[in-house]
Amino acid sequence: MPDSKNILSEEKLGILYLTINRESKLNALNFATLSEIREIFTEVSDNKDIKAVIITGSGDKAFIAGADISEIAEINELNARKFSENGQEIFSMIENCHKPVIAVVNGFALGGGCELAMACHMRIAVSSAKFGQPEVNLGIIPGYGGTQRLTYLIGRGKANELMMTGDMIGADEAKSLGLVNHILPTKEEAISKAEEIIRKIMSKAPLAIGMIVDCVNSVFVQDEDGYQTEANSFARCVKSGDYKEGTSAFLEKRKPIFKGE
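Cut-offs applied
Residues numbered from 1 in each chain as written. Predicted model: local features only at pLDDT ≥ 70, side-chain atom pairs only at ≥ 80, totals over all residues. Heavy atoms only, no water. UniProt positions renumbered as here; feature names shortened; annotations may be inferred. Pairing = 2+ DSSP bridges. Helix = DSSP H or I, 4+ residues; strand = E, 2+ residues; numbered from the N terminus. Axes fitted to C-alpha atoms, helices over the stretch in contact; angles between N-to-C directions. Salt bridge = Lys/Arg side-chain N within 4 Å of Asp/Glu carboxyl O. Buried < 20%, exposed > 50% of the residue type's maximum accessible area, 1.4 Å probe, protein only.

Going by an unreviewed UniProt entry, the chain carries the name Enoyl-CoA hydratase-related protein and comes from Aquiflexum gelatinilyticum. Quoted verbatim from the Sequence similarities (unreviewed entry) heading of the UniProt record, the comment on the chain is "Belongs to the enoyl-CoA hydratase/isomerase family."

> Tell me what's going on with the pairing of strand S1 (residues 7–12), and back it up with residues and numbers.
The pairing of S1 with strand S2 (residues 15–20) spans six bridges and is antiparallel. Of the residues in S2, the one forming a bridge with Lys12 is Ile15. Between S1 and S2, which follow one another and run antiparallel, lie two residues, and Leu13 among them has a positive phi close to 50°.

> Give me the sheet that holds S2: which residues, what numbers.
Judged by pairing direction, the sheet is mixed, and its six strands sit side by side in the order S1-S2-S3-S5-S7-S10 without closing on themselves. Where the open sheet ends on each side, the last strands, each with one partner, are S1 and strand S10 (182–184). In this sheet, adjacent strand axes meet at a mean angle of 20° when their direction is disregarded. Judged from the three bridges that link them, strand S3 (residues 52–57) and strand S5 (residues 101–105) form a sheet pairing that is parallel. Its bridge partner lying in S5, Ile55 is registered against Ala103.

> Describe the pattern of salt bridges, listing the residues and the values that go with them.
Scanning the entire structure with this criterion turns up eight salt bridges. For Glu89, the salt bridge is made with Arg38, and the minimal N-O distance between the two is 2.6 Å. Taken together, the residues span a long stretch of sequence, with Glu89 in helix H3 (residues 77–95) and Arg38 in helix H1 (residues 31–46) at a distance of 51 residues. Judged by relative accessible area, which is 46%, Glu89 ranks as partly exposed. Two residues, Glu173 and Lys158, come together in a salt bridge whose shortest N-O distance is 3.2 Å. With Glu173 in helix H7 (residues 171–177) and Lys158 in helix H6 (residues 156–165), the pair connects residues that are 15 residues apart, well separated along the chain. Each of Lys158, Glu161 and Glu173 takes part in one network of salt bridges that share partners.

> An account of the pairing of S5 is needed here, citing residue identities and associated values.
Among the five residues that make up S5, five are buried, leaving the element largely enclosed by the rest of the structure. Here S5 shows no split at all, with Val101, Ala103 and Val105 on one side and Ile102 and Val104 on the other all buried. When S5 meets strand S7 (residues 122–126), the two strands line up parallel, connected through four bridges. Opposite Val105, over in S7, you have Ala125 as the bridge partner.

Right, dumping it as structure tokens:
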């Protein structure tokens, strides 16, 4: 992994554990941290030893409590669009990663933190987690894809309410809205749950997992025919050695050994 000042990284048994490590700032996303996320996910895509990623925040108070306000305060009209597009591009790298990425939300996931969590393929929260897009309190709106992903995940009416009021919601409500997959009492238990899900996914065909990411994301791409994406992806899977292994293993009543090729 690239050297990082703001993100702790550790790889174990094919899982890359990333911890946003700015606890004194409630793990707020500054420009340097965003740049490190970009570098890490560039490496993740090319590193065959990495099969999955778990992202969490340092400490117990916050996953990521937003963007760094001291930096936002310096933005002007000329560079605001670039600021937004840069964050959107980085979070799209997470969303489009062909390896499962799970956010373990251990506290406040606000603003850019909520946006990063929503870019992950799944979200597992501790019971004390809080979610929100409070940018309206600063006179701005979510800029890293939050207006789009929150609407996709929880629906137009509730997304409008949360973004217009700036209100936070707890883990239970987030789960009822479809924003969270699972809730666990502690960070350690939430990470264990993420590991359990990842181990199950890692036993499946890697190419098929990547195709699922593409097909699910195509639902939200304007002018893309998701059904055609599905058909094309299905055909690519059938061309693979994993397909031959999977069908042979089923007929031979044994566990498949997938190689991702």
